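Remarks on the overall topology
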Amino acid sequence: MCLCDPTRFKIVRALRATNLAAGDIAVVIERSRSTTSHHLRILSEVPAVTGRREKNVIRYRLSDDLTAKVLDAIESAFDLLLPH
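A quick note: this is a predicted structure, and the numbers were derived from the prediction, not measured. (Residues numbered from 1 in each chain as written. Predicted model: local features only at pLDDT ≥ 70, side-chain atom pairs only at ≥ 80, totals over all residues. Heavy atoms only, no water.)

**Examining the packing of helix H1 (residues 6–17) against helix H3 (residues 33–45)**
The contact between H1 and H3 brings their axes to 10 Å, and the two run at 80°. Relative to H3, the element H1 is oriented roughly perpendicular. Facing Thr7, Arg8, Ile11 and Val12 of H1, the residues of H3 in contact are Thr35, Thr36, His39, Leu40, Ile42 and Leu43. Of the residues belonging to the contact of H1 with H3, the class tally is five nonpolar, four polar and one charged. (Axes fitted to C-alpha atoms, helices over the stretch in contact; angles between N-to-C directions. Helix = DSSP H or I, 4+ residues; strand = E, 2+ residues; numbered from the N terminus. Parallel < 35°, antiparallel > 145°, perpendicular 65-115°, else oblique. Contact = heavy atoms within 4.5 Å. Nonpolar A, V, L, I, M, F, W, Y, C, P; charged D, E, K, R; others polar.)

Below is the structure:
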């Protein structure tokens, strides 16, 4: 999976909680809209995320439970490896 990139990892984490438009994701992950859109395109090709058009905006979400489970596993591994 393409979660080795920190920006894509942050996008997937943000989408685990709720569906978001690209502009909203950019605010949450503190990146530009163009950078966010670039990474959303990569995540859509995998496909780790999917988008659904609602009027004039595309709202993104995790494509399936497997993506969330992979994210959970990565976070659990970090919790074990990194001291708090």
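Picking up after the structure, the text goes on.
**Regarding the packing of H1 against helix H2 (residues 22–29)**
For the pair H1 and H2, the least separation of the axes is 10 Å and the interaxial angle reads 110°. Here H2 runs roughly perpendicular to H1, going by the angle between their axes. For the element pair H1 and H2, the recorded crossing hand is right-handed. Contacts between H1 and H2 involve Thr7, Lys10, Ile11, Ala14 and Leu15 from the former and Ile25, Val28 and Ile29 from the latter. Taken together, the residues that form the contact of H1 with H2 break down as six nonpolar, one polar and one charged. (Left-handed = near helix turned anticlockwise from the far one by under 90°.)

**Here we look at H2**
By the burial criterion, the buried members of H2 are Ala22, Gly23, Ile25, Ala26 and Ile29. Buried residues of H2, seen end-on, are gathered within an arc of 160° and therefore sit on one face of the element. What points out from H2, more than 90 degrees from its buried face, is the exposed set Val27 and Val28. Those residues of H2 that are buried are in contact with H1, strand S1 (20–21), H3 and strand S3 (57–62). In the stretch just after H2, Glu30 is the one whose phi turns positive, near 55°. (Buried < 20%, exposed > 50% of the residue type's maximum accessible area, 1.4 Å probe, protein only. Arc of directions from axis to C-beta.)

Worth remembering: the numbers are spatial, not functional.
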